[in-house]
Amino acid sequence: MKPARELKAGCLLGMRRVMIDAGKCNGCMTCVLACAGAHAANDKSIIGGMMEKTPPRIQVLPVKGRAVPLLCLHCEEPACVDACMTGAMRKDPKSGLVSNEGGEQACVGCWMCIMACPYGAVRQHPDKKVALKCDGCPDREVPACAAACPMDALIWGEVDDFAAGRAMKTALALLEGA
Amino acid sequence: MSICRTCHAVDRCPSAHRSTNEMYEYCRSQGIPTIFDRYQSQQPQCGFGMQGICCQLCSHGPCRITHRAERGICGATADTIAARNLLRLAVHGAAAYSHHLEEAIDTLKATALGSTPFRIGDSQKLQEVAMGFGINVAGQSERELALQLADRLLADMHKASREPLTSLSLLAPPSRREVWAKLGVIPGGILSEIRDALTKSMTSINTDPVDLLLTAVRLALATGYLGLMGTITVQDIVLGSPALTESWADLGVIDPEKVNIVAHGHVPFVGTAVIQASRDPEILSWAKEAGAKGINVYGSMCTGQELMQRSAASAGGFAGQLANWIAQEYIIATGAVDLVMMDMNCSIPALSTIAEHFPTRLVSVDKVVRLPGVSEHVDYAPEQVAAQARELIRMAIEAYRRRQNGYRGLGSQGNHHGNGRPAPYLPPYKAKVLAGFGLESISRAFGGSLEPLLAAIADGTIRGVVAVVGCTNNRNGHDTTGLAIMQELIKNNVLVISAGCMSSAAEIESLMDPAAEARCGAGLSRFCREAGIPPVLNFGSCVDIGRIVLAVTRLAALLNVDPSRLPVAVSAPEYLEQKAVADGIFAVAFGLLTHLGPVPPVAGSSLVTRVLTEDIEGLLGGKVLLEQEPKAAAAAMIEHIEAKREALGL
Amino acid sequence: MRFVIIGSGAAGVRAAETLRQIFPSGEARRSGNSFEDSGVQVDGRPEDGQVTVTLVSAEDFPPYSRCLLPAYLAGRCREEDLTIRPRDFFRKLGINLLLGREALAVDPGKKVVKLADGEELPYDRLLIATGAASRFPPIPGIDRPQVFGLRHLADARAIEQACVQMCTRPGAHAGAHAGAQPDSDSRLVAQTRSVVVIGGGFVGVEAAYALIRRWGAQLEVTVVEKEAQILPAQFDAYAAGMLQREMEKEGIRFILGRQVGEIVGQERPDHEAGREVGDRCRVVLTGSGTAGDSGEESLPADLIIVAAGITPNTAWAASAGPAVRRGILIDDYLETSVPGIYAAGDVAEFRTLSPERAGALPTWTPIWPNASAQGRIAAYNMASRRRACRGLIGLQNAVEFREVPAIAMGLVEPPVPAKGESGESAYMVLVKAEPEQRRYKKLVLYKNALVGMVLVGDISQAGVYGALLRKKTDVSRFADTIMNDNFNCGHLRSL
Ligand SMILES: Cc1cc2nc3c(=O)[nH]c(=O)nc-3n(C[C@H](O)[C@H](O)[C@H](O)COP(=O)(O)OP(=O)(O)OC[C@H]3O[C@@H](n4cnc5c(N)ncnc54)[C@H](O)[C@@H]3O)c2cc1C
Ligand code: SF4
Ligand code: SF4
C-alpha cells in the first residue's frame, strides 16, 4: 500500500491539519494541558482543564527516553470509522475531521475503534464509557495543541506535499511495516 | 540494561541486582506499584526541566527557553536560568550536610559530657584535629578537648562569609588553596555561604551565569571542608574511625525469625545506639519473650554503610547492609522487617505507601524527617538517645508480635495468611563484604604505610585510582551504569574506591569481596591478592566522600604534587539528589576529572555546559565528563589517568 | 449506472455511502469526481450516465447495528438508538432505501433482482451483502417456542418480550422498554426464571451478560459451551478464564465441556403468572464437562437462546450461480464468480488465501469492521476503481465485562506441535499476567512476526499491535520493548 499516493488521490491536500514533527518535541506536555483546557466545559484554559479534570485527547508518548506527540491523523480512510458499530465515529465530508462526538449516533464504548486505529490514537474516556479522541478542534481557528506547543513540534498548516509526507511518516512506517 | 539474567521476563530488568528484580516482580504480582512502575508512568519527562531551562521562580513563570523565546519574561537567558537552577540544587545539598554536621557536633559535645551511650572512639584523631584548630592540647582531658573542638567547629560553621573557613585552611593542600584564592572562591562559614547563595539565586539579584557558577564552587568548597570532612571527622572521633571488618549485603541477610530493625538514612547515631542497646541482655530477653530468636539491626543506604564500617567497634553486631536508595521500598516489601528508623535524608514518600501493605512500622528519628502517613517520631536528641534506642527496640518488638500474628511463617501454600498480610518474601541472595577502608585502615593493611600502594601506582601495577561514588539512579537502570563502570575500570587495572549508594551496589555484586580479584586485570589482581583486599574499596557512606578527599590529599602530599596532577578521577555515574550536586562541584574544584551521569539539568545552556565540561579545567584543574555510555566513560577516565601518569613521568 | 445492494448491514450501508461519495448526489457531474473520469463502463444504460444507488433490506427497520442488540437487551439503549446513520442520511445522499423488501433471486442474464413482492430491480452492478443468520444446530426440540436466536432486531424484541412477561406481572408495561422495571410488590414474581444460552461464543456471552444486567434479580442465566472455555474462537484459555470469573461475579453460571443433546418440554405452563411464552422445558446435557462440573443431566429453561454460530445467507442468490463454499466466494476485488456481482461482509468468503491474507488469517472473518471495510472496498471496485482488499485480521473482538475490557486478534494459541515432533517451534509466546490487577497481555509471534494477541485490562495499544499483525512486520527490531506497558506506535519508526 502506498498511502502517500493515496493522500494525493484523496482530498487531504490543501486541507489544514496538525502535523507532527516528533523530533522537535520536548515532552513538556503543554499540548496535553492545552487540549484538556480546550475541551473544558466552562473555563477553556489550561487552568480550567485542570480544575474540571477534562481528559486530554492528544498524548505525548514515551519512546526510548524521547517524547513523541500523538494525535489522530484524521485518516483518509479511517480504520476507526470502518470499525465503529454504532455509526458514531464518522468522517465529516467537508472538514475531513474524524470524530465520535456530536452526531445523531452515540458512542457506546465498545472499543472497536481502539482495536482498529493503527496509531493508538483512540483511548477510553477515563470516566465515561465512551471512546475519546482528537476532534480536530472544529470550533477553533488553530487547534489548541498546535497553538500551545512551544517547540513547533505540532504545526497547524495546509497539507502540502512535503508536510503531508512528513506528517505521515509515522503512518507510512507503520503501514509499510517498516 | 541489566546484568541480571535470572528470570524469564521479556521486559528488560529494571535493576542490576537479582534481588531487586525479584522484589519488583513480587510487588507487581501483589498489585503494589513501586519505583520502577512510577518511573514508567512518569515517561516521557519534560525536556525543559531535564535541560534546566525552565524557570519557576516568579509568578510570571514558568518560563521556558525555546528558539522563539530566547529569554524569560524578566529577560533571563538559558544560561542564567540553568546556572541559577544548578546553584539552587547545590544550596540544598550544602544545607543538608550542615544539618548533619550540626547533629554530629551536638553529639560530640554530649558525649564529652558523658550524656550519650557513646565513648570517644578515636582519641588520637581528637588530639590531632584539636591541635589543627589551634587548641592547646597539652594536659587537657579528652572531655575538655572535645568540648573545645565542638565549639571551634560550630564557630567555623557560623562564620561570616568574609572570614575564611578554618577547616579549609587546615585540610586543603596548599596548591589548591592558592588556586581558589586566585579565583576568590575561598568560602567563609557554611551557613553564611548558604545565605549568600540563596540570596544570589533569588530572581533578579544575580543573573550572571559565570558568577553564579563561581558561587556554586565557593559553596561546594564550604560543603566539602565542613559538611563532608568536618562531619566524618567528628563521627570518627565519637564512633571510632573505620577499621577493616567483614560483613554481608543484600536482602538475603534478613532473618525473618528475629526482631528486625533497619537503620535507614545517613546519620549513624541512633542506629549505633540501637545496635548497642540490642546487645543488652535485658532487652534481648524482651525479644525472646515475644518469641523472637534475637534482635537484628540492618543497614539501608548510608546509615548502613556507616554502621558497617564501624562494625568492628561501636557498631559491633551489625547484621548487614540491605539495599540502597532505589531499592528502599523492597526492604519493606520483604514483609520481614519490623521497624525502619528513618534518619536525615533519602526516605522517599513511597515508603509510607508501601508500608500500608506490610507489617513494618516506620519511625522518623530526626526532627527534620516527616512523611505523610508516618505518625511515629522518636526525634534524635543526643542526651536521650540511650532511652530512645530502648524505646525503638520496644516498638520493634511490638511490631514483631503483630507480624507473627499476621502470618504463620514461610512455606505454607499461598502467600496470604491470617489478616491478609503476605508472608515474608526474601530473595535468597547475600554477598560477603570487606568494609572499613580509610586512610588509617589502608596503611594498617599495608603494614603501617601507604608506600606499597604508591609503589604499585608508580610501577604501573595499578594504573590509577577512580572514586566511583554517589547515588543510584533509575534513568539507565538501577546501579547498572555504576557497576558497568567499576567492572570496566578494575579490568583495566584501575583501583576503585567507592562511597555512598554506589558502595551498596558494589557490595551486593560481590565487588567488595577480596575474591573479586578474579575480575580484575592482571596487575590489580595480583596487588589485591597480595594485600588481601578487594579491587573496589568500601570507603563507606556518601559523606565519606570526605574520607576519599582526605586520602587523595595525602596521596598528593606524599608525591608532592597538586591533586589535579594525580592519575585519579571521580565518577558519580548515577547521581540523584542535591547533596551529590554539591559533591560533584567540589570534586571539580578539587582539581579532578569528574564523570557525571545522568546529565545534570544544564544541557539547555551552552555556556554552562561549556564552562563545566571545558573552560573550568583551565581555572580549577578539574572538569565534568558527561559521557553516558559506561564503557566509553570508563575509557575516557582511563585515558585521563594515562595522560596524568605520562605528565608525572610514570 | 445502476448500483443495487442487497442487505443493509455494515457492508451494505458502507458500500452505498461510498458509492455516493464517488458519485455525489446521484448525478455524474463533469467534476473531479465524475464517473466518466473514473472509467466506469456504462453499457449504454441508463442514459446520461445517471447513477442510482439502491439499498434493499428484508428487515423493516432503518439500517441498524446488530452488535448493539445485547445493549438493547440490557436495557441500555432504545430501538431508535440502534440505527447507524442519521435519520435523513440516505435521502440526503440520494440512496434509494427499500425496507421490508426481501430479495428472492437474481437473474444474471436479465440483470435483475427479484423481490418477494414481485418487483424486479434492474442493476448494472450488484452487491450481495445479506450477512448471515443464526445457526440452529440439529438438536431435537430446537424448534420449541421457547428457543430464540439472536441476530435480528426481531429476535431481540422477542427475547425482550419473553423476559418482560416472565419477570413482571401480566400486562405490566410489557414491551415498554427500559421503563419496564419489575414490580417488586408483586407476589407473582417470586419465582426465578431460568435462561439457558447455548454457546459460549461472543454472541452467547454478550446475550447472557445483557440479560443478567437487566433482569439479574429475576433470572438465572446459564451458558452451556461445548469447549472447555468460553469464547473459544477468540480468546485463549487464560483470558477466557479471567473474563468468565468477572461474569460469574455478576451471577452468570457456565457449564463448560458439555453439549446440549435435546430440549424437552416438561413442566406445566405457569398459568398464574400469565405466561404466554410456552411451557418451561428442560435442556438435556451430554458430555462429562470440565473439572468442577456439577454433573447435572439437565437444566430447567424458561427461555433458550441459541448462539451456536452463524450461517451466511447465500441461498436466495443461488439462482445467479455464484460459487459458494461456506459463503459466496469472492476474489481480492470482492467480485463473485459471476461478473458484475460482488459480495461483501458475513455472506462473503475469500476464494483463496492470497499472500496478504496467508498465515493465520482465515478466508472468512464475520465481524463488523471487516464487513464495513469490505463494503467500502467493494464500492470502489463496483465503480471500477480497482482496489484489492487485504490485511483483514482473523477473528478479532473487543469485549468489556464489568469494566474489564479485552481484545483478542488472530492466532491466540500456537498450534500444539504434533506428537513426536521436536526441535524449536517457530512460534514464540510472550505473556505477562497480572491477575490481581485484572490485566493480561499475550503476544504470539511466528518467525518474528506478530500473528496473535490478547489484551485484557489495558487495551490502549490494541490497534498498534493489530497493525503489526496485519502487516506481518518483523518485530525483532523492537523485541525489547514490545511487551512493555509503554509500548506504542512511536516505537515503530526510526526517529
Ligand atoms: C448480537 C450480535 C453482536 C455482535 N457484536 C459484534 C461486535 O461487537 N463486534 C463485531 O465485530 N461484530 C459483532 N457482531 C457481528 C456483526 O454484527 C456482523 O459481522 C455484521 O453485522 C456483518 O454485517 P453484514 O453487513 O455482512 O451483514 P448483516 O449485518 O447480517 O446484514 C445483512 C442484512 O441483509 C438482510 N438480508 C438478508 N437476506 C436478505 C434478502 N434475501 N433480501 C434482503 N435483505 C436480506 C438482513 O436482514 C440484514 O439486514 C455481532 C453480531 C451479533 C448478532
Ligand atoms: S482515530 Fe486513528 S484510525 Fe481514526 S482517523 Fe484518527 S488516526 Fe485514523
Ligand atoms: S507542547 Fe509541543 S513540545 Fe511540549 S509536549 Fe506537546 S508537542 Fe511536545
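Per chain, residue numbering runs from 1 following the sequence as it is written. Following the order in which they are written, the chains are lettered starting with A and the ligands numbered starting with 1. Two thresholds apply to this predicted model, a pLDDT of at least 70 for residue-level local features and 80 or more for giving and counting side-chain atom pairs, whereas whole-chain, interface and lining totals are computed over all residues. For the side-chain quantities, the full set of heavy atoms in the structure was used; hydrogens and water were omitted.

Asker: Could you clarify how one ought to interpret the overall build of chain B in this entry?
Answerer: On a plain count of helices and strands, chain B comes out with 25 helices and 18 strands. Computed over the C-alpha atoms, the radius of gyration of chain B is 24 Å, within 12% of the 26 Å expected from 2.2 N^0.38 for a compact globule of 650 residues. Its C-alpha atoms put chain B at 70 × 65 × 55 Å along the principal axes. Classification of residues uses two cut-offs on accessible area relative to the type maximum, computed with a 1.4 Å probe and protein chains only: under 20% is buried, over 50% is exposed, and between them is partly exposed. Evaluated residue by residue, chain B yields a buried proportion of 63% over its 650 residues. The contact rule is simple, with two residues in contact once any of their heavy atoms fall within 4.5 Å. Taking contacts inside chain B between residues at least 6 apart in sequence as the whole, the part at least 24 apart equals 75%. All accessible areas in this document rest on Shrake-Rupley with a 1.4 Å probe, and a residue is counted as covered only by the protein chains that are shown. Counting only carbon and sulfur atoms, one obtains 52% of the accessible surface of chain B, whose full area is about 22700 Å². Neither His nor the chain ends contribute to the count of charged residues, in which Lys and Arg are positive and Asp and Glu negative. A charged residue contributes its charge at one atom only: NZ of Lys, CZ of Arg, CG of Asp or CD of Glu. Mean positive and mean negative side-chain charge positions of chain B (56 and 63 charges, respectively) differ by 1 Å. Numbered from the N terminus, helices here are DSSP runs of H or I no shorter than four residues, and strands are runs of E no shorter than two. With the radius of gyration taken over C-alpha atoms, the globule rule is written as 2.2 Å times the number of residues to the power 0.38.

Asker: Would you take a moment to explain the site of ligand 2 for this structure?
Answerer: All residues in the neighbourhood of ligand 2 are listed as Cys72, Leu73, His74, Cys75, Pro78, Ala79, Cys80, Val98, Cys117, Tyr119, Val122 and Lys133 of chain A. Grouping the amino acids of the shell around ligand 2 by side-chain chemistry returns 10 nonpolar, one polar and one charged. Residues are counted as near a molecule or strand when any one of their heavy atoms sits within 4 Å of it. Residue polarity is assigned by list, with Asp, Glu, Lys and Arg as charged and Ala, Val, Leu, Ile, Met, Phe, Trp, Tyr, Cys and Pro as nonpolar; anything else, Gly included, falls into the polar class.

Asker: How should the nonpolar core be read in this particular structure?
Answerer: Proteins that are soluble and globular tend to have nonpolar side chains buried together. Residues belong to one nonpolar core when they are buried, are Ala, Val, Leu, Ile, Met, Phe, Trp, Tyr or Cys, and are joined through side-chain atoms within 4.5 Å. By size, the foremost hydrophobic cluster in this structure holds 185 residues, and its most contacted members are Leu154 of chain A together with Val113, Leu211, Phe235 and Ile482 of chain C. With sequence-adjacent residues up to four places away left out, leucine 211 of chain C is seen in contact with Leu73, Ile159, Cys163, Val195, Gly216, Leu219, Val221, Leu303 and Ile305 of chain C. The next biggest cluster of nonpolar side chains, apart from the first, holds 178 residues, and it includes Met229, Leu307, Ile545 and Leu566 of chain B.

Asker: For this particular structure, what's the right way to read the interface of chain A and chain B?
Answerer: Every contact between the two is made by 14 residues of chain A and, on the other side, 11 residues of chain B. Joining two parts hides part of their accessible area as seen by a 1.4 Å probe, and the buried area is that hidden amount summed over both. The junction of chain A with chain B conceals about 970 Å² of combined surface from both sides, 53% of it contributed by carbon and sulfur atoms. Considering only the side of chain A, the residues that lose the most area to chain B are Asn26, Pro62 and Pro150 of chain A, jointly responsible for 44% of the buried surface there. By salt bridge we mean one thing: a side-chain nitrogen of Lys or Arg within 4 Å of a carboxyl oxygen of Asp or Glu. The interface formed by chain A and chain B contains one salt bridge. For the salt bridge of aspartate 152 of chain A with arginine 68 of chain B, the shortest nitrogen-to-oxygen distance reads 3.1 Å. Two N or O atoms count as a polar contact when they lie within 3.5 Å, although within protein this holds only if one can serve as hydrogen donor and the other as acceptor, and sequence-adjacent residues are included solely when both atoms are side-chain atoms. The interface formed by chain A and chain B holds six residue pairs in polar contact (both at pLDDT 80 or more) in total. For the side of chain A that touches chain B, the secondary structure elements donating two or more residues are β2 (59–63) and β3 (66–70) of chain A. Within the side of chain A that touches chain B, the residues separate by chemical class into nine nonpolar, three polar and two charged.

Asker: Quick question: what am I supposed to make of the site of ligand 1 here?
Answerer: Taken together, 36 residues are adjacent to ligand 1, and Glu59, Arg66, Arg151, Asp346 and Trp368 of chain C come closest. More than one chain reaches ligand 1: the nearby residues come from chains A and C. The separation between an oxygen atom of ligand 1 and a polar main-chain atom of alanine 10 of chain C is 3.0 Å. Interatomic distance of 2.8 Å between a backbone N/O atom of tryptophan 368 of chain C and an oxygen atom of ligand 1. Considered on its own, ligand 1 offers 980 Å² of accessible surface; in the complex 96% of this is hidden by protein. Only α1 (10–22), α5 (202–215) and α7 (368–382) of chain C provide two or more residues apiece to the shell around ligand 1. The element best represented in the shell around ligand 1 is α7 of chain C, accounting for three residues. Within the shell around ligand 1, the residues separate by chemical class into 20 nonpolar, 10 polar and six charged. When residues of the shell around ligand 1 are sorted by domain, at least three fall in each of domain 1 (2–65 + 84–133 + 311–382) and domain 2 (147–306) of chain C. Each domain's extent was defined by an automatic or database domain assignment.

Asker: Quick question: what am I supposed to make of the sheet that holds strand β7 (residues 125–128) of chain C here?
Answerer: Strand pairing within a sheet occurs via backbone hydrogen bonds; the two strands may be parallel or antiparallel. Residues and elements named next belong to chain C. One open sheet holds the five strands; their spatial order is β3-β2-β1-β7-β19, and the pairing between them is parallel. Of all the strands in the sheet, just β3 (95–98) and β19 (341–343) have a single pairing partner and so form its edges. Each adjacent strand pair in this sheet contributes to an overall mean axis angle of 20°, direction not counted. To get an axis, a line is fitted to the C-alpha atoms, and for a helix only the part in contact is used. The angle between two axes follows their N-to-C directions and goes from 0 to 180 degrees. The sheet strands contacting α1 are β1 (2–6), β2 (52–56), β3 and β7, and the helix crosses β2 at an angle near 170°. Relative to the sheet, α7 contacts β1, β7 and β19, its axis offset from that of β7 by approximately 165°. DSSP calls a pair of strands paired once it identifies at least 2 bridges connecting them.

Asker: Is there a simple way to explain the domain arrangement of chain C in this structure?
Answerer: Where the parts come together, the accessible area they lose is often given as the size of the interface. All names here are of chain C. Segmentation of chain C into domains returns domain 1 (2–65 + 84–133 + 311–382), domain 2 (147–306) and domain 3 (411–492). Contacts between the two partners involve seven residues from domain 1, matched on the other side by four residues from domain 2. Both sides together, the interface formed by domain 1 and domain 2 hides about 450 Å², and carbon and sulfur atoms give 48% of it. Viewed at the interface, domain 2 and domain 1 are joined by one salt bridge. A salt bridge links aspartate 346 to arginine 151, with the shortest nitrogen-to-oxygen separation between them at 2.9 Å.

Asker: Which parts of the structure should I look at to understand unusual backbone geometry?
Answerer: Most peptide bonds take the trans configuration, and most residues that are not glycine carry a negative phi. The step from glutamine 43 of chain B to proline 44 of chain B runs through a cis peptide bond, and the omega angle for that step is -5°. With respect to the helices and strands, proline 44 of chain B occurs in the loop between α2 (35–41) and α3 (47–51). In the segment running from glycine 61 of chain B into proline 62 of chain B, the intervening peptide bond is cis, with an omega of 0°. Take proline 62 of chain B: it is sitting in the loop between β1 (54–55) and β2 (63–64). Even without a glycine there, the phi angle at methionine 29 of chain A is positive, about 70°. Mapped onto the elements, methionine 29 of chain A comes out in the loop between β1 (16–20) and α2 (30–38). Phi is positive for asparagine 448 of chain C, close to 70°, though the residue is something other than glycine. Counting through the fold element by element, asparagine 448 of chain C comes out in the loop between β24 (439–446) and β25 (449–456). A residue is classified by how much of its surface remains accessible, and asparagine 448 of chain C, at 41% relative accessible area, is partly exposed.

Asker: For this particular structure, what's the right way to read the interface of chain A and chain C?
Answerer: Between chain A and chain C, the contact holds 40 residues from the first and 44 residues from the second. Interface area for chain A against chain C, summed over the two sides, is near 3600 Å², with a carbon-plus-sulfur share of 57%. Three residues, Asp82, Met85 and Met115 of chain A, lead the burial of chain A against chain C; their summed loss comes to 19% of the area buried on that side. For the pair chain A and chain C, the interface holds seven salt bridges. The residue glutamate 77 of chain A makes a salt bridge to arginine 387 of chain C at a minimum N-O spacing of 2.5 Å.

Asker: How should empty space enclosed by the protein be read in this particular structure?
Answerer: Take a probe with the size of a water molecule and roll it over the atoms, and the empty space left behind shows itself. Residues and elements named next belong to chain B. Any residue with an atom within 4 Å of a point lines the site, the site being either a cavity, points on a 1 Å grid over the protein atoms alone where a 1.4 Å probe fits but cannot get out, or a pocket, an open set with protein on both sides within 12 Å along at least 5 of 7 lines. Grid points are joined across faces, edges and corners, and a volume is the space filled by probe spheres set on the points. All chains considered together, the criterion is met by 12 cavities of 30 Å³ or more. Volume-wise, the largest cavity comes out at about 300 Å³. Lining the largest cavity are 31 residues, with Val469, Gly470, Cys542, Ile545 and Asp583 positioned closest to its centre. The element contributing the most residues to the lining of the largest cavity is helix α23 (residues 578–589), with six residues. Split into classes, the residues belonging to the lining of the largest cavity amount to 24 nonpolar, four polar and three charged. Each of two domains, domain 2 (251–404) and domain 3 (434–648), supplies a minimum of three residues to the lining of the largest cavity.

Asker: How do you make sense of the sheet that holds strand β12 (residues 253–256) of chain C when you look at a structure like this?
Answerer: Residue and element names in this part refer to chain C. The parallel open sheet is built from five strands, whose spatial order is β9-β16-β10-β11-β12. In this open sheet, the two edge strands, each paired with only one partner strand, are β9 (147–149) and β12. Along the sheet, successive strands turn relative to each other by an average axial angle of 20°, direction set aside. Relative to strand β16 (residues 303–306), β9 runs parallel, the two sharing three bridges. Bridged to glycine 149 within β16 is valine 306. α5 contacts β10 (193–198), β11 (219–225), β12 and β16 of the sheet and is inclined by roughly 170° relative to β11.

Asker: Help me out: how do you make sense of the side chain of lysine 125 of chain B in this one?
Answerer: Within the secondary structure, lysine 125 of chain B sits in helix α5 (residues 123–132). Those residues in contact with lysine 125 of chain B that sit more than four places away from it in its chain are Thr233, Asp236, Ile237, Ser241, Glu440 and Arg547 of chain B.

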